[in-house]
Structures are given as C-alpha cells and as structure tokens.
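Descriptive analysis of the structure
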Amino acid sequence: MIMMPWLLAFLVSVAHPVKIYDASNYSAATSDTSASCRVLYWPQTSRKSGPLPQGAADFFDIIVTDDVKQAPWLGAEGKMYFLEDRNFPLGDLSRELAQLKEAAPIEWRREGMSVFLPAGDAHRQEREEAQILMPASYFIDDGTFETRHRAFKNFTFSVLLMLDYDVGTPPQSLVDCMSHGTVPIIIGKHHKIDYTRYFSYALVKFRDFSVEQAINFMLTAPADALYVYANSVKIVQEFFYMRKHFHRQHMGSCLN
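These remarks concern the structure in this document. It should be emphasised that the depicted structure is a prediction, and the values quoted were computed from it without experimental measurement. What you see as residue numbers is a count from 1 along each chain, following the sequence as written. Under the rules for a predicted model, residues below a pLDDT of 70 receive no local features and side-chain atom pairs below 80 are neither given nor counted, while totals for whole chains, interfaces and linings still include all residues. With hydrogens and water excluded, all non-hydrogen atoms of the structure serve as input to the side-chain values.

1. Details of the overall build of the protein chain
Strands here are runs of E lasting at least two residues and helices are runs of H or I lasting at least four, both read from the DSSP assignment and numbered beginning at the N terminus. Of regular secondary structure, the protein chain possesses nine helices and ten strands. Working definition: with a 1.4 Å probe on protein chains only, accessible area under 20% of the residue-type maximum means buried, over 50% means exposed, and in between means partly exposed. Sorting the 256 residues of the protein chain into buried and exposed places 50% on the buried side. Throughout, a residue-residue contact means that at least one pair of heavy atoms, one from each residue, lies within 4.5 Å. Considering only contacts within the protein chain whose residues lie at least 6 apart along the sequence, 59% involve residues at least 24 apart. Accessibility throughout is a Shrake-Rupley quantity obtained with a 1.4 Å probe, and a residue counts as covered only by protein chains that appear here. In the form shown here, the protein chain has an accessible surface area of approximately 12800 Å², with 53% of it arising from carbon and sulfur atoms.

2. Structural notes on the environment of Ser210
Examined against the element boundaries, Ser210 turns out to sit in the loop between β10 (204-206) and α8 (211-220). It is 8.0 Å that separates the C-alpha atoms of Ser210 and Glu129, two residues lying 81 residues apart in sequence.

3. Quick word on the sheet that holds β10
DSSP calls a pair of strands paired once it identifies at least 2 bridges connecting them. Read across the open sheet, the five strands follow the order β7-β6-β8-β9-β10; overall the sheet is parallel. For this open sheet the edge positions go to β7 (138-140) and β10, each flanked by a neighbour on one side alone. Strand after strand, the sheet turns through a mean of 20° between neighbouring axes, direction not considered. Axis angles are defined between N-to-C directions and span 0 to 180 degrees, where every axis is a line fitted to C-alpha atoms and, for a helix, only to the segment in contact. In the packing of helix α6 (residues 145-152) onto the sheet, contacts are made with β6 (113-117), β7 and β8 (157-160), and the angle to β6 comes to roughly 150°.

4. Details of the side chain of His180
With respect to the helices and strands, the residue His180 is situated in the loop between α7 (172-179) and β9 (183-187). According to the relative accessible area criterion, His180 is buried, its value standing at 0%. When sequence neighbours within four positions are dropped, the list of residues in contact with His180 reads Leu90, Leu97, Lys101, Phe145, Arg148, His149, Phe152, Lys153 and Gln237.

5. Section: the pattern of salt bridges
Salt bridges are counted wherever a side-chain nitrogen of Lys or Arg sits within 4 Å of a carboxyl oxygen of Asp or Glu. Evaluated as defined, the whole model comprises nine salt bridges. Across the salt bridge formed by Asp166 and Arg148, the nearest N and O atoms sit 3.7 Å from each other. Here Asp166 is found in the loop between β8 and α7, whereas its partner Arg148 is found in helix α6, with 18 residues between them in sequence. With a relative accessible area of 12%, Asp166 lands in the buried category. Given a relative accessible area of 6%, Arg148 falls into the buried group. The salt bridge partner of Lys192 is Asp194, with a shortest N-O separation of 2.7 Å. Salt bridges here are not isolated pairs; linked through shared partners, they connect Asp141, Arg148, Asp166 and Asp176.

6. Details of the pairing of β9
Here β9 lies mainly inside the structure; five of its five residues are buried. Across the two faces of β9 the burial is the same, with Val183, Ile185 and Ile187 and Pro184 and Ile186 all buried. Bridge count between β8 and β9: three bridges; the pairing is parallel. In the sheet register, Val159 faces β9, and the bridge partner there is Ile185. Taken together, β8, α7 and β9 form a β-α-β motif whose crossover is right-handed. When the strands point away from the viewer, a crossover counts as right-handed if the path from the first strand over the helix to the second runs clockwise.

See the structure below:
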C-alpha cells in the first residue's frame, strides 16, 4: 500500500488512532473498534478492489481512490481523496532513454513510430493496416510491462489506441509510454490531458486516425515540433517519476 507524503503526514498528525483498510482486510473493518479514524484505500485500478462497497462513505472517515468520478485529479471531494495507483518501473533509465531519443538524428526520429493496440477485436481495421504498412512496429497489449517495453523502448512516438481499455487516471500505458521517453499519439477529444502544465505539449492528438495518416504526420511534421514534443516529454517524465517511483520506493513500506 503506497500513499503520498502529504496524505501520510495528515494521517500521522491525526490525534486519534488511525486504521487503514484495503481490499485485503475490508471485511474486518466493521468489527474493528480499535481506531477512531478509519481510512479506506480503494484504487479503481486494483483487480482485487472492484467497485467501491455500498455504504463505505458512511462507515469510513477517509476514502483514497484513483477514480476521477469520485474525486477530482489530485484533489478531494468530501471524504474522497484522489491518489493514483501507478508504477514507474524504469526509474532513472527513463531519463536516459528520453535524452537519447531527443539527441537522435531527425531521420531516425521520423521513422520511429509504433502502434499499440488493445487485445481482442477492437480496432481491427487499424491492426490490418499496421500489419501491411509497418509489420515490425505494431504491438498488442497483454497487460504486461514486458510487452509495453517492446512497444516503446525503440520508438520515438507511439499511437496509443488502447487508452479506452486501460482503466485509471492516468492510464498505466500512458505512464509507461512517457517513462520510455516516447511521445504518445492519442485519438479523440475525451482523454484527460491536463496532468501537468506541459503535458499538452508532450503528446500528439488526432481527431481521427489511420495508420497512413500517422505515417504522413511523422514524415512531414516540422523538425521544431519534434523537438518540442521530445523536450516536453522529459519535463512530464519528472512529474510522473517523482509521484510514482520515488514515493513508491521510499514510502512504500510505511503503511504495509
């Protein structure tokens, strides 16, 4: 169980005994009277958690979630406090990858696009196009970091067609893409992009999509634009790194 320092400091400062619950011990919460301040850690992305239990808001004093429908991004709504539950497994290597890609020749950067697709029948047309036009540069998400590492590590841009299927804010696949120093290409208007002040400069956003359209963009985008994307990714990386790697490493054992 991992929580950010501001939340940990708040809990420690509470004068009354604090007890923290999650999916592993939630069933015991109603019978435990040893704490006068009950905190429920219930991330939306956890497969063990599932939907927030009915009546939880009445029983618990604080509920920590990563569901923006319950609490605003990095904010609070009543008893609900937002805290994203994401990994940043590359650590310091993420900075090295971003620097290498930013310094790469412009010709290599223009050719460095992958397409990352959801499993199943979704986006079948785009998958068939990718099989023909870029057979070595499309990948099917299986939920593992190993597959995402292959999809992002050798590419400067990646079309993320599976964001709609990746639960959470931000989606873990988006964090993984950024951690590799890879500029994400996202489709549509409904994805949240104000994670940081620089985030909107660190991605490419298409209203509609085809593989051919994306290839044409890569070949014709101004060199200055490619520089802005790469440099902004480095800045956004620091935000994700500090929130999801540093605190996981140094705070993770505090609340186990």
